[in-house]
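What follows is each chain in one-letter form.
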Amino acid sequence: MRDRLLVEQASSDALPADEARILLAMSHDENRSLLAEVLGTDHRVVEREPADVSPGEIDLCVLDPQTLSRHVDAFETLKSDAEPLHLPFLLVVPEQNLSNGDVWRQIGAQFPPGVDDLIRTPVSKAELHGRIQSLLRARKQSISLGEQRERLDRLNRVNSVIREVNAALVGAKSRDEAEERVCTRLSEAGPYCYVRICKPRATRETLTVSTTVGETLDPPQPRAATNGDLTHGTAAWRAYRERATIATGFGQDELAMLDDGDSDWGAWAERGGVRAFACVPIRYRDTVYGVLEVYTTEDDAFDEEEQSVLDELGKTIGHTVNAVESKRLLLTKGATEVELRLADDGPLFEMVAETEVELRLEGVTGTDPSVEFFTVTDGDAEAFLERAADSESVARHRFVRETDAGALVQLVFDGESVTETLTDLGVTVDALVVDDSGASVVALLPQDGDVGACMRGLRKAYDSAELQSRRQVERRPLTEGDFVSSVESDLTARQRNVLQAAYLAGYFDQPRESSGKDVATSLDISPATFHQHIRTGERKLVSKLFGAVTFNGT
């Protein structure tokens with residue numbers, strides 16, 4: 001051995017390291033054998049020609065100047081192909097070679113990518129292990145940063161797609177249209193190869209596929225859970241029942257839990273190269289409308305951040321479905337009318353029982369929180385408002401005015417109220433009367449609405465909720481012609497003239513083109529008379545707009 005490679009020194013101070021794959025490229029056979037023996041105790045030594053090795057097969061290169069000179073092109077290829085990951089090079093240089101000037105400059109001229117560390121011989125085992133561990137730590141940090149960068153890139157892609165999906169949901173006129181837009185955007189924009197939405201059947205005991213988009217062949221149909229077995233069907237089922245996003249892959253151990261002995265899912269995933277999937281509940285508050293399933297061919301998908309983004313998407317879709325279903329109820333000619341009875345403890349029930357009043361709901365406006373208007377049809381309204389002032393559940397309250405039917409009061413609840421609970425379940429409250437024995441409710445669902453699902457959701461908030469009756473009704477919303485005729489018949493000639501003059505003069509514009517005084521002068525009336533006619537006419541118009549829709553039982 002011409003140059004001593006190692007000095008005799010105990011290596012007990014060398015730190016243990018995780019096994020790494022080290023390409024040993026040494027021109028001197030004895031030096032290569034000695035290094036292979038020393039490094040092989042902690043690592044896997046690869047002894048092949050540099051041109052025959054790919055960057056993914058090794059974690060570190062140990063080489064000498066002679067080998068570097070002979071295989072400079074192969075080493076440059078290894079370095080460049082490994083990017084953006086870091087593949088470290090350790091150059092072993094004999095002591096006498098270090099006296100010939102600037103070694104680093106010589107290496108840079110010969111090998112532009114550069115080596116990462118240089119060690120001179122003879123070298124102690126402890127120093128060799130220390131240098132190796134230092135380079136491998138840099139390699140691990142590079143891999144970790146690369147994985148973080150890949151996750152961030154994927155999350156950015158997912159977020160970008162979610163923004164497209166949210167934009168696509170705007171203006172959806174039906175649930176089917178909303179689902180189609182979601183699946184199409186998610187599938188076309190990636191990173192998902194296949195997307196589908198499953199809805200609960202009428203029995204609510206299983207799910208059925210409603211919308212599918214993707215180039216991959218359709219996966220097996222979802223199955224309901226049976227005796228708690230963890231089949232794939234229950235991944236969607238559990239997401240539906242537990243209102244939580246569930247993600248998993250198709251690894252051997254995962255398939256053992258998912259398939260329950262059925263190879264359909266494993267075979268399907270292998271044919272399409274599918275690596276993982278997520279099941280996302282489509283929900284609006286306590287109502288779950290179905291499950292969004294997304295599949296990907298990429299590894300390391302559906303981390304915590306991505307699941308969180310998908311969970312928010314599920315809520316957005318649920319909000320859209322709730323909105324279009326509510327709108328459909330307003331526009332459809334048919335509806336399901338249900339009569340309910342509630343007799344639970346709760347803020348509103350307690351206030352009514354303690355003050356012995358009767359309330360009738362007049363209307364609800366706004367959301368988060370909603371403003372609710374009630375008429376105190378029987379009892380002491382002042383006592384009721386005093387009790388409301390003492391309730392921690394009432395954020396705001398006020399007396400509005402006296403009417404022929406009683407005192408009109410306004411309530412804003414700090415938590416969810418009875419009307420909000422019903423609205424969240426996709427129903428429209430047509431009538432609500434609360435007395436000291438509980439509440440009687442008349443509510444409307446779409447003609448094909450799921451009354452059973454509504455009752456299950458309602459009983460989670462009110463144990464005593466009872467369905468007293470249900471029937472199909474025909475509704476005749478006011479047409480445009482009905483509205484115009486009705487307003488014309490209610491307005492006096494003077495009120496109509498004042499409204500028309502104000503409209504044409506720009507009184508209702510923002511900013512106003514004419515003041516009330518200007519319009520009054522043009523009509524040769526006093527400003528006070530003008531404002532009296534305007535307020536009366538506006539009230540008649542608004543009362544027609546928000547008036548009751550007529551119903552006929554069928």
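For the structure, check the block above.
In short, a report on the structure. The structure presented is a predicted model; accordingly, all values stated were derived computationally and were not measured.

Observations regarding the sheet that holds strand 4 (residues 89-94)
In space, the 5 strands of this open sheet follow the order 2-1-3-4-5, with parallel pairing throughout. Because the sheet does not close on itself, it has two edges, and the strands there are strand 2 (44-46) and strand 5 (117-121). On average, adjacent strands in this sheet sit at an angle of 25 degrees to one another, irrespective of strand direction. Where strand 3 (residues 60-63) lies against strand 4, 3 bridges are found, and the strand directions are parallel. When the sheet's bridge partners are listed, Leu63 is paired in strand 4 with Leu91. Most of the contacts of helix 1 (residues 29-39) go to strand 1 (residues 21-25), to which it runs at about 165 degrees, and overall it touches strand 1, strand 2 and strand 3.

Things to note about helix 14 (residues 451-461)
Looking at helix 14, one finds that the buried residues are Val451, Cys454, Met455, Gly457 and Leu458. Looking straight down helix 14, one finds that the buried residues subtend no more than 165 degrees of arc, so they occupy a single side.

Thoughts on a negative patch on the surface
On the surface, Asp380, Glu382, Glu386 and Asp390 cluster together into a patch of negative charge. Following the sequence through the fold, Asp390 ends up in helix 12 (residues 381-390). Accessibility expressed as a relative area gives 62% for Asp390, which makes it exposed.

Observations concerning the packing of aromatic side chains
With the rule as written, the count across this model stands at 8 aromatic pairs. Between Tyr507 and Phe530, the ring centres sit 5.2 Å apart and the planes meet at 90 degrees, which makes this aromatic pair edge-to-face. Taken together, the residues Tyr507 in the loop between helix 16 (493-504) and helix 17 (516-523) and Phe530 in helix 18 (residues 527-545) connect sequence positions 23 residues apart. Given the relative accessible area of 6%, Tyr507 is considered buried. Through a chain of ring-to-ring contacts, three or more aromatic side chains come together here, namely Tyr194, Phe277 and Tyr295. Above the plane of the ring of Phe89 lies Lys79, whose end atom (NZ or CZ) is 4.9 Å from the centre. Arg512 extends its terminal NZ or CZ atom over the ring of Tyr507, reaching a point 3.9 Å from the ring centre.

Reading guide: rules and limits
Residues numbered from 1 in each chain as written. Predicted model: local features only at pLDDT ≥ 70, side-chain atom pairs only at ≥ 80, totals over all residues. Heavy atoms only, no water. Pairing = 2+ DSSP bridges. Helix = DSSP H or I, 4+ residues; strand = E, 2+ residues; numbered from the N terminus. Axes fitted to C-alpha atoms, helices over the stretch in contact; angles between N-to-C directions. Contact = heavy atoms within 4.5 Å. Buried < 20%, exposed > 50% of the residue type's maximum accessible area, 1.4 Å probe, protein only. Arc of directions from axis to C-beta. Patch = residues over 30% accessible without salt bridge, like charges linked within 9 Å, V, L, I, M, F, W, Y side chains within 5 Å. Areas by Shrake-Rupley, 256 points an atom, 1.4 Å probe, with all protein chains shown as cover. Salt bridge = Lys/Arg side-chain N within 4 Å of Asp/Glu carboxyl O. Lys, Arg positive; Asp, Glu negative; His and termini not counted. Charge placed at Lys NZ, Arg CZ, Asp CG, Glu CD. Phe/Tyr/Trp six-rings, centres within 6.5 Å; stacked < 30°, edge-to-face > 60°. Lys NZ or Arg CZ within 6 Å of the ring centre and 35° of its normal.

Purely spatial values, then, with no claim about function.
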